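Summary of structural features
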Amino acid sequence: MLVQDRSNPTPKSPKGPKPKLRNILPNRFSEAKSLDFSTWLSENLYKILTVLLFIATVAAVVFLRNVGDTTALLRFETQSRNLEKIEFPHVKWDSIAPITDKSSPFANFRADRWIVVSVSDYPTDSLRNLVKIRGWQVLAIGNSKTPSDWTLKGAIFLSLEQQALLGFRVVDFLPYDSYVRKTVGYLFAIQHGAKKIFDADNRGDVIDGDLGKHFDVELVGESARQEVILQYSHDNPNRTVINPYIHFGQRSVWPRGLPLENVGEIGHEEFYTEVFGGKQFIQQGISNGLPDVDSVFYFTRKSGLEAFDIRFDEHAPKVALPQGMMLPVNSFNTIYHSSAFWGLMLPVSVSTMASDVLRGYWGQRLLWEIGGYVVVYPPTVHRHDRIEAYPFSKEKDLHVNVGRLTKFLVSWRSNKHRLFEKILELSFVMAEEGFWSEKDLRFTAAWLQDLLAVGYQQPRLMSLELDRPRASIGHGDRKEFVPQKLPSVHLGVEETGSVNYEIANLIRWRKNFGNVVLIMFCNGPVERTALEWRLLYGRIFKTVIILSGAKNPDLAVEEGKLEKLYK
């Protein structure tokens, strides 16, 4: 504005020199700077870039959270965490002082077989039945929810106060109100002579009250069953995870921890192979009644508030998994033999519903390093469905990470020369990859030191079969078994041939509907359905819009009327 006023005081004269501004207005202003845009841009470029970067970062975070794309947000946050360097724990393996029981009333008690459960309420009938199983010692682990006067004849109970006095390093990492405090119980049992540990909960009844009838409790000695075991075929090297429920007659049911992209794989095995028994150090049992299922199955497979009572084929043979193939392993119907005791650690930095599943995948991969494998057994317990709200939010670590985790574990290799060194290295890499946090890395180091402190001897390593050429499967090596197709109730209707293929078709339709917007109207309470719908259908359609009679901004549910959906 000032320059314009100076340039037009009078019309230009055709002759004579131009008047100088400094002579006309002496000392009033300093000499004006050029306002050329390129000059201004070069002088302020770093400021502009700083502001734009800040705005883009804020916009990205807001966008990811509002859209609800959990996977994208997790990747964004994981990359941010990776910028913080994770330190590898330094452990002096040869200088770990022993820990002895000097505080509990059971200091001199010894037993070979232990049942470890977590208790938050007074003893249930199922827990009383566990105490009656001959030859097994029940160990109940309390938490902050457990009544202070908890007691059960025949069971050993460790309260929070007693756990703190045992001197274990892991206690410093454990939450006060969670079942993952069973980690203390595992150490206590090993310290007191455990050779087998049945990982259980207080809502399952062992069928016929005899664990030895269903599991291979003895792997060596005269009472061991010297037999060959049916094994899944390793013919497809790209197949890393399987659904064991198909083998036992329920092909439309899937276990908690199975990647949802795999629920559509419902065909039975073309053929099996066999493996010699004796190294099934982790033994996973199947549960009748309420099997181990995730919240997506639990809420989408019911027509009302009726209790689940799903039955599996009790006559189907047990089945082993070869190296390179995994399945979900839980913490309430599983036997661990001493060679796999190191795999009992329950992670603490992930959600509670993901802790035992991540432990199972992590443990299966490390089990290959000592030549061991997992075997799945026909129904061993009956669990009762209490018809309680199932915690979908606590499964977020499963649905986001588990598919990527299985592929990562199969490809992972280590050149360490001792098992515990490999365990710590894998835990370190899993923290770097964002499968759990640095807290679980430090927790692993504490767990391994506590194991050595209570006298546990780490198993010897064996060569990894995955790194050797696989033998071709001849016609004589192929073993056939066709699973039964047991009846069940799904989506409120009796099972038909088409119901089994529903999930499979949805996954296949992704190619056709990947650019389609799905609009859904919810007549009932949105709290039970909105999240499950987004998880199930969000993998197939580009966008899922949910309408209801009432708006719910927390669940991104818009208000609408059914008759106006098309408009």
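Residues numbered from 1 in each chain as written. Predicted model: local features only at pLDDT ≥ 70, side-chain atom pairs only at ≥ 80, totals over all residues. Heavy atoms only, no water.

- With an unreviewed UniProt entry as reference, the protein chain is termed Glycosyltransferase STELLO1, source organism Fagus sylvatica.

**Here we look at the overall build of the protein chain**
- Looking only at helices and strands, the protein chain features 16 helices and 16 strands.
- In the protein chain, buried positions account for 51% of the 567 residues.
- Long-range contacts, defined as pairs at least 24 residues apart, comprise 77% of the intrachain contacts of the protein chain with a sequence gap of at least 6. (Helix = DSSP H or I, 4+ residues; strand = E, 2+ residues; numbered from the N terminus. Buried < 20%, exposed > 50% of the residue type's maximum accessible area, 1.4 Å probe, protein only. Contact = heavy atoms within 4.5 Å.)

**Brief notes about the pairing of strand 15 (residues 543-548)**
- Relative to strand 15, strand 14 (residues 517-522) runs parallel, the two being bridged by six bridges. Among the inter-strand pairings, Ile519 is bridged to a residue of strand 15, identified as Ile545.
- With three bridges connecting them, strand 15 and strand 16 (residues 557-559) associate as parallel partners. Bridge assignment links Ile546 to a residue of strand 16, and that residue is Val557. (Pairing = 2+ DSSP bridges.)

**As for the pattern of salt bridges**
- Using the criterion set out here, one finds 21 salt bridges in the structure.
- A salt bridge links Asp292 to Arg256; its shortest N-O distance comes to 2.8 Å. Remark: Arg256 occurs in the loop between helix 8 (244-247) and strand 7 (272-276) and Asp292 occurs in the loop between strand 8 (282-289) and helix 9 (295-300); sequence separation between them is 36 residues.
- Arg413 is the partner of Asp467 in a salt bridge, and the nearest nitrogen-oxygen pair spans 2.8 Å. Taken together, the residues span a long stretch of sequence, with Asp467 in the loop between helix 13 (438-453) and strand 12 (489-490) and Arg413 in the loop between helix 11 (396-411) and helix 12 (419-432) at a distance of 54 residues.
- On the basis of relative accessibility, which here comes to 52%, the residue Asp467 falls in the exposed class.
- With a relative accessible area of 36%, Arg413 lands in the partly exposed category.
- By sharing partners, the salt bridges in this structure join Asp216, Arg225, Glu227 and Lys318 into a single network. (Salt bridge = Lys/Arg side-chain N within 4 Å of Asp/Glu carboxyl O.)

**A closer look at the confidence of the model for the protein chain**
- Taken residue by residue, the protein chain gives an average pLDDT of 83. The fraction at 70 or more is 80%.
- Scored below 50 in pLDDT, residues 67-72 makes four contacts in the model with residues more than four places away or belonging to other chains.
- Note that pLDDT drops below 50 for residues 491-501; the model gives that stretch 20 contacts with residues more than four away or on any other chain. (pLDDT = per-residue confidence, 0-100.)

**A look at helix 11**
- Between its terminal C-alpha atoms helix 11 stretches 24 Å, which fits the 22 Å expected from 16 residues at 1.5 Å a residue.
- Approximately 50 degrees is the largest bend angle found in helix 11, and it occurs at Val402. (Expected span 1.5 Å × (residues − 1). Bend = angle between axes of the 7 residues up to and from the residue.)

**Remarks on a nonpolar patch on the surface**
- A surface patch of nonpolar side chains, amounting to about 320 Å² of accessible area, comprises Val51, Phe54 and Ile55.
- As for its placement among the helices and strands, Ile55 is situated in helix 3 (residues 37-67). (Patch = residues over 30% accessible without salt bridge, like charges linked within 9 Å, V, L, I, M, F, W, Y side chains within 5 Å. Areas by Shrake-Rupley, 256 points an atom, 1.4 Å probe, with all protein chains shown as cover.)

**Focus on the environment of Lys551**
- Following the sequence through the fold, Lys551 ends up in the loop between strand 15 and strand 16.
- A C-alpha to C-alpha distance of 9.6 Å links Lys551 and Val526, two positions 25 residues apart in sequence.
- If we skip the residues at most four places from it in the chain, Lys551 touches Val557, Glu558 and Glu559.

**Thoughts on the packing of helix 10 (residues 352-367) against helix 12**
- At a closest axis distance of 11 Å, the pairing of helix 10 and helix 12 adopts a crossing angle of 140 degrees. On the basis of the axis angle, helix 10 is oblique to helix 12. Along this stretch, helix 10 crosses helix 12, giving a crossing that reads as right-handed. Contacts from Trp362, Arg365 and Leu366 in helix 10 reach Leu419, Lys422, Ile423, Leu426, Ser427 and Met430 in helix 12.
- Among the residues making up the contact of helix 10 with helix 12, the classes are represented as six nonpolar, one polar and two charged. (Axes fitted to C-alpha atoms, helices over the stretch in contact; angles between N-to-C directions. Parallel < 35°, antiparallel > 145°, perpendicular 65-115°, else oblique. Left-handed = near helix turned anticlockwise from the far one by under 90°. Nonpolar A, V, L, I, M, F, W, Y, C, P; charged D, E, K, R; others polar.)

**Quick notes on the packing of aromatic side chains**
- All told, the structure shown has 19 aromatic pairs when counted by the stated rule.
- Consider the rings of Tyr232 and Tyr272, whose centres lie 5.7 Å apart with planes at 40 degrees: the pair is tilted. A residue pair is termed long-range when its members are at least 10 positions apart, and Tyr232 in strand 6 (residues 228-232) and Tyr272 in strand 7 qualify at 40 residues.
- Look at Tyr232 and you get buried, because its relative accessible area is 2%. (Phe/Tyr/Trp six-rings, centres within 6.5 Å; stacked < 30°, edge-to-face > 60°.)

**Quick look at the nonpolar core**
- Ile197 and Trp342 are the most contacted members of the largest nonpolar core, which totals 110 residues.
- Take this core: its biggest share by element is nine residues, from helix 12.
- Other than its neighbours up to four places away in sequence, Ile197 contacts Trp114, Val116, Tyr186, Ala189, Ile190, Thr334, Ile335, Tyr336, Phe341 and Leu344.
- Membership of the second largest hydrophobic core comes to 27 residues, among which are Leu152, Ala320, Ile335 and Tyr373. (Core = buried A, V, L, I, M, F, W, Y, C linked by side-chain atoms within 4.5 Å.)

**What about the packing of helix 7 (residues 182-191) against helix 13?**
- In contact at an axis separation of 10 Å, helix 7 and helix 13 are set at 20 degrees when each is read in the N-to-C sense. By the angle between their directions, the pair helix 7 and helix 13 is classed as roughly parallel. By crossing handedness, the relation of helix 7 to helix 13 is classed as right-handed. Here Thr183, Tyr186, Leu187 and Ile190 of helix 7 come into contact with helix 13, specifically with Phe443, Trp447, Asp450 and Leu451.
- Split by residue class, the contact of helix 7 with helix 13 holds six nonpolar, one polar and one charged.

**Digging into unusual backbone geometry**
- Phi at Asp208 is positive, roughly 65 degrees, even though this residue is not glycine.
- Secondary-structure assignment places Asp208 in the loop between strand 5 (204-206) and strand 6.
- Taking relative accessible area as the criterion, Asp208 reaches 56% and is therefore assigned exposed.

**Comments concerning the side chain of Asn262**
- With respect to the helices and strands, the residue Asn262 is situated in the loop between helix 8 and strand 7.
- For Asn262, a relative accessible area of 13% puts it in the buried group.
- A polar atom in the side chain of Asn262 sits 3.0 Å from the side chain of Glu265. (Polar contact = N/O pair within 3.5 Å; in protein donor to acceptor, adjacent residues only side chain to side chain.)

**A few points about the sheet that holds strand 14**
- Strands sit in the order 14-15-16 across an open sheet of three strands; the sheet is parallel. Either end of the sheet is taken by a strand with one partner, and the two such strands are strand 14 and strand 16. This sheet shows a mean twist of 35 degrees between the axes of neighbouring strands, independent of strand direction.

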